[in-house]
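Remarks on the overall topology
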Amino acid sequence: MRLFPLLAFGTLLLPVAAQANDPNSYAEPDQVRVTHLDLDLTIDFPHQQLAGQATLKLDWQNPQAQSLVLDTRDLKIARIEALAADGKATPLQYALAPRDQQLGSKLTIATPKHPAQVRIVYATTPEASGLQWLTPAQTADKKAPFMFSQSESIHARSWVPLQDSPAIRFTYDAHVSAPKNIRVVMSAINDATHPLDGDFTFDQPHPIPSYLLAIAAGDLAVKETGPRSAVYAEPSVVDKAAHEFEDTEKLIEATEKLYGPYAWGRYDILVLPPSFPFGGMENPNMTFATPTVLVGDKSLVSLVSHELAHSWSGNLVTSAAWRDIWLNEGFTTYVQGRITEAVYGKSQADEEALLSARALQKSIGAMAENAQKLAPDPRGVGADDALSDVAYDKGSWFLRTLEQRFGRADFDAYLKGYFAHFAWHSITTEQMLDYMKPNLIEKYPGKMSWDEVKAWVYGEGIPKDAPLPDSPRFDAIDRERSDFLAGTLAADKLDAKGWNTQEWMYFLDRLPDAPALDKMQQLDAAWHLTGTPNAEIGMRWYSHAIAAGDKAVWNAAAEHMTRIGRIYLTTPLYKALVKTPDGLTFAEQVYAKAKAGYHPLTQQVVERIIAKAKKVD
Ligand SMILES: [Zn+2]
């Protein structure tokens, strides 16, 4: 997933479930493991629900096991039955525990006879945390309703009863009924020529963890971008998206050259409505992406490099628990940089690495000690909170450090071997380290000590000697920014005409937290930042202008906050507003209007920001 720096709200202390290996799941994989899921669902837009059945194929681990325990959240269970080899169904007793706020409701099914398959007949509720339902008015084309899932971290359980832990992998197939003229897509091979007859089937033959289970449905057009890639988007968006993502095949080829063949067959991209809470989600075969990267100049295509990189780091080799998520996101952010370098050049890759490293340097000191670690104590980390910029940016910084110490050729060979060794498995940080020790650290002695490795993985902060890439263009921007702030360079004399998105991001990122109001007004007069269609620039501009007390930007900021539901691009504006009583009142007004268009996850984050500000008052 790509969220970008965000969510540093301190970490939630989770109740530790009975299961020792994944505190965020009730599943008991030492008793029984789900190996295949067969879904049969009907999409009901008016009632905002998926209804149907999930049939789970089971591999019993413990001969004494008495029950199958599944994760659910807000599901309505109609009945549960055991299926014999001949298809004969026998009803099973079950108990649905009261809802835990983080984990949902533990579903315990009595299965003393160890059936080979169990079928659960159920429906979702409109509150499902992993689904968003949009009315036609909330889409780009305003013609048809739209729905999509976001299962990472622990939201698959809100639309399918299953063992919702990344440690457990299963294959799946699905039959989905939908209204006519609606296209359904899933995290499986999709057929671009499928008729819109309301009757879709899917097959994912590779074992995936539950957080990669995905579905979306709406008025979707398709356009090929290469021999094994296409974009899916609303008809008014599809051409723009196909243009922005026209390098997809080049990106796949560049990654294959580095780390071996792409294992999944097709690589398609679904562009969602602007309420998608994240930048992208690496659903297998079908990346889900925010439309905020469609800026016309490919400057934000690194999002595709990121999601594509997950086809190796994350989807092929998966972190076994949320505490180990840096194995997905840190490795992926590193690979993303390598793809960007291969296709768009070293300068672009270095700029992106520097942007994230500088932002992390600024933010990490304010985090709780446990949250500063790549592999934190799991008891202090909630599943969604584990996805912080430490996992992404400290993780990728560690890998860039390894590359620098061991040399690119040897490190590339090591990483390619790592992906091949653990392909189709879910692993812990400790399993990764057990592999790294003989295959990298001890194989090339004298390059990095084991203590240094442990300091990166289990230590707080960022090691002092962590290398940073050079960027002469960023250095020049640093000089211009300080001259401008010192008053020796006028805003309209900044050499910003040729700045790309990353260069503007860098300029704005490193302004003082609360800049002087007249400076912000001069910048806006010279460069017309208020009203920018580029949401990356807008997010940084509005949050600094609001912090400077520039009320003239409030209405444009409100438009940005209402149009975009992506957590990373919208919530910093709420955080900037709630710092003053007037701003808090305004933020509440904006949220009242914007809420209906936000994903449940975005709503949660904004409500936490507002509640926290009110407590302080
Ligand atoms: Zn990611």
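Provided above is the structure to which this section pertains.
1. Quick notes on the packing of helix H5 (residues 346-363) against helix H11 (residues 501-509)
- Running from N to C, H5 and H11 point in directions that differ by 20°, and their axes come no closer than 10 Å. When the interaxial angle is binned, H5 and H11 end up roughly parallel. You can see that H5 and H11 cross each other, and the crossing is left-handed. Residues Gln348, Glu351, Glu352, Leu355, Arg358 and Lys362 of H5 form the contact with H11, whose participating residues are Gln502, Glu503, Met505, Tyr506 and Asp509.
- Each residue belonging to the contact of H5 with H11 can be placed in one class, and the counts come to three nonpolar, two polar and six charged.

2. Side note on the nonpolar core
- Formed by 197 residues in total, the largest nonpolar core has its most connected members in Ile43, Trp326, Phe398 and Tyr418.
- Here Tyr418 is in contact with Val317, Leu327, Phe331, Ile427, Met432 and Tyr435, once residues within four sequence places are set aside.

3. Some remarks on the sheet that holds strand S12 (residues 183-186)
- Strand order across the open sheet formed by four strands is S9-S10-S14-S12, with antiparallel pairing between neighbours. Sheet topology places strand S9 (131-134) and S12 at the edges, where each strand pairs with a single neighbour. Here the strands of the sheet are splayed against their neighbours by 10° on average, with no regard to which way each runs.
- Where S9 lies against strand S10 (residues 146-149), four bridges are found, and the strand directions are antiparallel. Residue pairing in the sheet places Trp133 in a bridge with Met147 of S10.

4. Let's talk about the pattern of salt bridges
- Within this structure, the stated rule accounts for 34 salt bridges.
- One salt bridge connects Glu224 with Arg266, and the closest N-O pair in it is separated by 3.7 Å. Of this pair, Glu224 sits in strand S15 (residues 221-226) while Arg266 sits in the loop between helix H2 (248-259) and strand S17 (268-271), placing them 42 residues apart in sequence.
- Arg266 gets classed as buried once you look at its relative accessible area, which sits at 18%.
- Between Asp350 and Lys346 there is a salt bridge, with its nearest N and O atoms 3.0 Å apart. Of this pair, Asp350 and Lys346 both sit in helix H5, separated by four residues, roughly a single helical turn.
- Overall, the relative accessible area of 12% leaves Asp350 in the buried class.

Each value, and the rule that gives it
- Residues numbered from 1 in each chain as written.
- Predicted model: local features only at pLDDT ≥ 70, side-chain atom pairs only at ≥ 80, totals over all residues.
- Heavy atoms only, no water.
- Axes fitted to C-alpha atoms, helices over the stretch in contact; angles between N-to-C directions.
- Helix = DSSP H or I, 4+ residues; strand = E, 2+ residues; numbered from the N terminus.
- Parallel < 35°, antiparallel > 145°, perpendicular 65-115°, else oblique.
- Left-handed = near helix turned anticlockwise from the far one by under 90°.
- Contact = heavy atoms within 4.5 Å.
- Nonpolar A, V, L, I, M, F, W, Y, C, P; charged D, E, K, R; others polar.
- Core = buried A, V, L, I, M, F, W, Y, C linked by side-chain atoms within 4.5 Å.
- Buried < 20%, exposed > 50% of the residue type's maximum accessible area, 1.4 Å probe, protein only.
- Pairing = 2+ DSSP bridges.
- Salt bridge = Lys/Arg side-chain N within 4 Å of Asp/Glu carboxyl O.

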